[in-house]
Amino acid sequence: MDPVTITATISSVTLTLAKASKALCTLFEVYTSAQRTLFLIQAECTVITAALSSIQTHVSSPGVGSPQKRPSPWTPEVIAALDLSLLGCCMTLEVLEKEIGEMTGEVRLESTLRGKLGRMGKARYVWREDSMVALLGQMRGQSAALGILLKAVEFTSIDRIRQILESGRPVFRAVERDSASIRETNTSKRYPKSIAEMSMAKPESIYDIIKDNGGYADFDSLETDDESWSISSEKIDDTFGRLDQGMTRPFEAWRRTDQEGMIEPQSIPPGINFAQLSIQPKPPVRRKPISHPVAPTPAPSILPPTTPMPWEIRSSSSLLQEIQAIHKKSQVPGIAVGMVINSQSEIFVAGVRKHGNSTPIVRTDAFSISGLTEIMTSTVLARFVERGKVRWTQRIDELLPEFSQISHQQHSETTLEMLAAHLSGISEPIYAVENGQLWVYLCGSLINGGEGRRGIALAYLRRPPDRAPGTNFWHWGNYAIIGLILERLAGVPFEVVMKNELFDPLEMYHTGFGYADVVRNSQSANPTQPWPHEYTDGSPMINVKTSDLHDRSILPPALHPCAGIHSSLPDLCTFLQLHLESLMVKSKTSFLKKESLEMLHSPVGTSTSTRCSMHKSQRNWAGGETWSFRTNSLGFAASVWFAPRVKKAIISLVNLSGDRGHQVEDECASACTRFNLH
């Protein structure tokens, strides 16, 4: 397998991935209930494209098919693994093209019928969840295989390369099984056994792919030399010939210019100077007024039962317009709103990532969710309770026995559920306790999250509570101590606990700790993620300083359990749906049992604060009970609302802290409460 074959295959696969991504954008707006799967497939397209680009860079360097002075990493084993991976990509992408092509065809049919037949002519199209999830799994396996190959070609030691390939043998076997499965499913097609058997004709350019073609995919199938997997050169030449004609035709009628240099159409005789033409205005036309008979006032018709109230919002486009109006009026940098309604997610964004920069907020951007982190932490804690490793009513001195001798006696009755509901009585600001020495310690560059959380527990438990235990007062210290308890139970750092117990099981792959993409976001001229902003009344809005994104004094790792998570809206909507379905008493998830989720959402004692840090209350718009949480810190403001009676969950995010940020996220959440689909 020579470098030309490898390069041609990578180019073809890359262009196919670009076409698939473009078509997925069309489906994203139509299959709203499957937006998460579409987003994950699109993300895998990006990952595979990046991996292929890196491999092509290595292939272009000396070492593949040409002599060189240093040892080449392109051993026969590496070439065979690359052949297997590229062939698997081609086969999977052909199946993906077929699936997307059929669905985009259905979307096109639906659009045509709607125009001809009206609302009742809407075509019925079905999302193929099982097949698309299977393709997503295959693409993840291929991206993993390409990652192993990239790691292998970084070395020149043959032994080291073989060791890496051997460690990745299960991944390559999975790719081989996926390819075999495609062959068995499509017995009528004759797939090649190697990319060397494939005939790669001149591919389309990326410009042709991103050109507007009505929003629908137009795929060419890969064919083999004998029957399938090739695109004939005659077809390509014909396509490019028609494209050239189409590009020049609009300009054929505009070839000549007059002596003044003005463009004139071909239909106007040459030699006429437009500047010397005098155009006389025509006299006004006097017309006789036409009298119209006055129609009788029709009797009012009977309103149907589903008539919307004037304040209701009945479409996604109307809600987006309202959010955009809120953004324009408030002049905050950016807004992102996610909503789960009737088991479907809706995402709306407006504004920019950074004040003074035009880079817009997009749906997949990761916002710092600040205090909403506590809901995730308590959800993981509920899993440990369900397994019997801990009890909600267990006392702190039992869970942290090393503090039993120094803990103040007034903390002796403080339980795990009191910490989760902020009923421990702790209220002294974390930056002021111990005369500020605790905060200085937490911000130290050598102090990791676990050591910091131990310091917080030591500082607060050895002093009496600032308020009577059972008094509700929100404080970061409560969840910092819970984070320490989770570390003790799991035997690994808190961040690893969250990844293993929440992020990975729910496939929240765009969720992490601290500010998102700190290095690139702080160094790039155009921000890659929403930037935090601060504002106080009477002062102008400011961007958080670049250095502050790296500054531990803004968010020490010890506070990750209470305020340290960033997440994208697709991930957050998945998390919201988990809780909403349990509140609707129809939870089908195996993530947590129904009884565990009910306990998590129940208030502790006589308070309104629940074990997941949310407050339970009554709201008219919700038709009864709601669960909510609002937070405002670290340059972001956020709120979340659950209303099970109307089957709705709302999350509102603004990349601005302070009163204005709180006001705007509240207005956006209020707009979502008026959004109703009937």
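None of the values given here were measured: they were computed from a predicted structure.

How each quantity is defined
- Sequence order as written defines residue numbering, which begins from 1 separately in each chain.
- Local features in a predicted model are, by the rule used here, given only for residues with pLDDT of at least 70; side-chain atom pairs are given and counted only at 80 or more, and totals for whole chains, interfaces and linings are based on all residues.
- Computation of side-chain values: all heavy atoms of the structure, hydrogens and water removed.
- Here a cavity denotes a set of grid points, spaced 1 Å apart and computed over the protein atoms alone, in which a 1.4 Å probe fits but from which it cannot get out, and a pocket denotes an open set meeting protein on both sides within 12 Å along at least five of seven lines; residues with an atom within 4 Å of a point are reported as lining.
- Grid points are joined across faces, edges and corners, and a volume is the space filled by probe spheres set on the points.
- The way it works is that DSSP assigns letters per residue, a run of H or I at least four long becomes a helix, a run of E at least two long becomes a strand, and they are numbered from the N terminus.
- Charged residues are taken to be Asp, Glu, Lys and Arg, nonpolar residues to be Ala, Val, Leu, Ile, Met, Phe, Trp, Tyr, Cys and Pro, and polar residues to be all remaining types, Gly included.
- Paired strands, in this sense, are two strands between which DSSP finds at least two bridges.
- An axis is simply a line fitted to the C-alpha atoms; with a helix, the fit covers only the stretch in contact. Between two such axes, the angle follows the N-to-C directions and lies from 0 to 180 degrees.
- Two residues qualify as a contact provided that any one of their heavy atoms is within 4.5 Å of a heavy atom in the partner residue.
- For every residue, the pLDDT score states the predictor's confidence, bounded by 0 at the bottom and 100 at the top.

Enumeration according to the criterion identifies 3 cavities of 30 Å³ or more in this entry. Each pocket or cavity is described by its volume, and for the second largest cavity that value is around 60 Å³. Ile-369, Leu-372, Ile-375, Met-376, Leu-572, Phe-575, Leu-576, Val-640 and Ile-651 are the residues that line the second largest cavity. Of all the elements in the fold, those that place two or more residues in the lining of the second largest cavity are α10 (373-386) and α20 (569-583). By residue number, the principal contributor to the lining of the second largest cavity is α20, which donates 3 residues. Its residues assigned to classes, the lining of the second largest cavity comprises 9 nonpolar, no polar and no charged.

Right, let's get into the sheet that holds strand β9 (residues 565-568). On the basis of which strands lie adjacent, the open sheet formed by 3 strands has the order β5-β9-β6 and antiparallel pairing. The sheet terminates laterally at β5 (366-368) and β6 (511-513), the two strands that pair on one side only. For this sheet, the mean inter-axis angle between neighbouring strands, taken without regard to orientation, is 25°. Relative to β9, β6 runs antiparallel, the two being bridged by 3 bridges. Looking at β9, one finds that Gly-512 is bridged to His-566. The strands that helix α16 (residues 494-503) touches are β6 and β9; relative to β6, the one it contacts most, it runs at about 170°.

As a further point, take the confidence of the model for the protein. Confidence in the prediction of the protein, expressed as mean pLDDT, is 76, and 70% of residues score 70 or more. In this model, residues 63-70 is a region of pLDDT below 50 whose contacts with residues beyond four sequence positions or in other chains number 12 contacts. Residue range residues 107-125 is modelled with pLDDT below 50. Its contacts to residues more than four positions away, or to other chains, number 19 contacts.

Strand order across the open sheet formed by 6 strands is β4-β3-β13-β12-β11-β10, with antiparallel pairing between neighbours. Two strands lie at the open edges of the sheet, namely β4 (344-351) and β10 (615-619), each paired on one side alone. Strand-to-strand twist in this sheet, taken as the mean axis angle between neighbours without regard to direction, amounts to 20°. Here 7 bridges tie strand β11 (residues 624-633) to strand β12 (residues 636-643), and the two strands are oriented antiparallel to one another. From the neighbouring strand, Asn-632 faces β12, where its bridge partner is Ala-637. Along the sheet, helix α9 (residues 316-330) contacts β3 (334-341) and β4; its crossing angle with β4, the most-contacted strand, is approximately 30°. The sheet contacts of helix α22 (residues 659-673) involve β3, β11, β12 and β13 (648-654), and relative to β13 the element is tilted by about 150°.

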